[in-house]
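Tertiary structure, described
If you want the building blocks of each chain, they are given just below.
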Amino acid sequence: MVKKKFKEMENRLFNRVFICMKCNSKIKADEKKIKIGKIKCRKCGSKRLRKKHKERISK
Ligand SMILES: [Zn+2]
């Protein structure tokens, strides 16, 4: 139960982190704002942002 909750929290956290496709810097913002183009990269001013994907752990 606790594990599940933690995962939900994690997902929420990742859903709000975006990566600039130009300079790879992290931008924290709401997805809504990204979609309407309100969020720009602070470093290079690019509006091309992508969602941060969780890194897969390979074994
Ligand atoms: Zn950038």
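Given the structure is predicted, the values throughout are model-derived calculations rather than measurements.

Along the chain, the position of Lys22 falls in the loop between β1 (17-20) and β2 (26-28). Sequence-distant contacts of Lys22, that is, excluding residues within four places in its chain, are made with Cys41, Cys44, Ser46 and Arg48.

Moving on to the pairing of β1. Side-chain direction in a regular strand flips from residue to residue, so the side chains alternate between the two faces of the sheet. Of the two faces of β1, only one is covered, namely that formed by Phe18 and Cys20; the face formed by Val17 and Ile19 stays uncovered. Of the pairings in the sheet, the one linking β1 to β2 comprises three bridges and is antiparallel in character. By the bridge assignment for β2, Phe18 is matched with Ile27. With antiparallel pairing between neighbouring strands as the criterion, β1 and β2 make up a hairpin whose turn holds five residues, including Asn24 at a positive phi of roughly 65°. Pairing analysis gives three bridges linking β1 to strand β3 (residues 49-51), with the strands arranged antiparallel. Bridged to Ile19 within β3 is Arg50.

Analysis parameters
All chains use their own residue numbering, which begins from 1 and follows the written sequence. For a predicted model such as this one, the threshold for reporting local features is a pLDDT of at least 70, and the threshold for listing and counting side-chain atom pairs is 80 or more; totals across whole chains, interfaces and linings nevertheless cover every residue. Strands are runs of DSSP state E lasting at least two residues, helices are runs of H or I lasting at least four, and both sets are numbered from the N terminus onward. The contact criterion used is a C-beta to C-beta distance within 7 Å, with each C-beta placed from the backbone. With C-beta atoms placed from the backbone, the exposure class of a residue follows from how many other C-beta atoms lie within 10 Å of its own: 20 or more, buried; 12 or fewer, exposed; in between, partly exposed. Strand pairing is assigned whenever DSSP identifies at least 2 bridges connecting the two strands.

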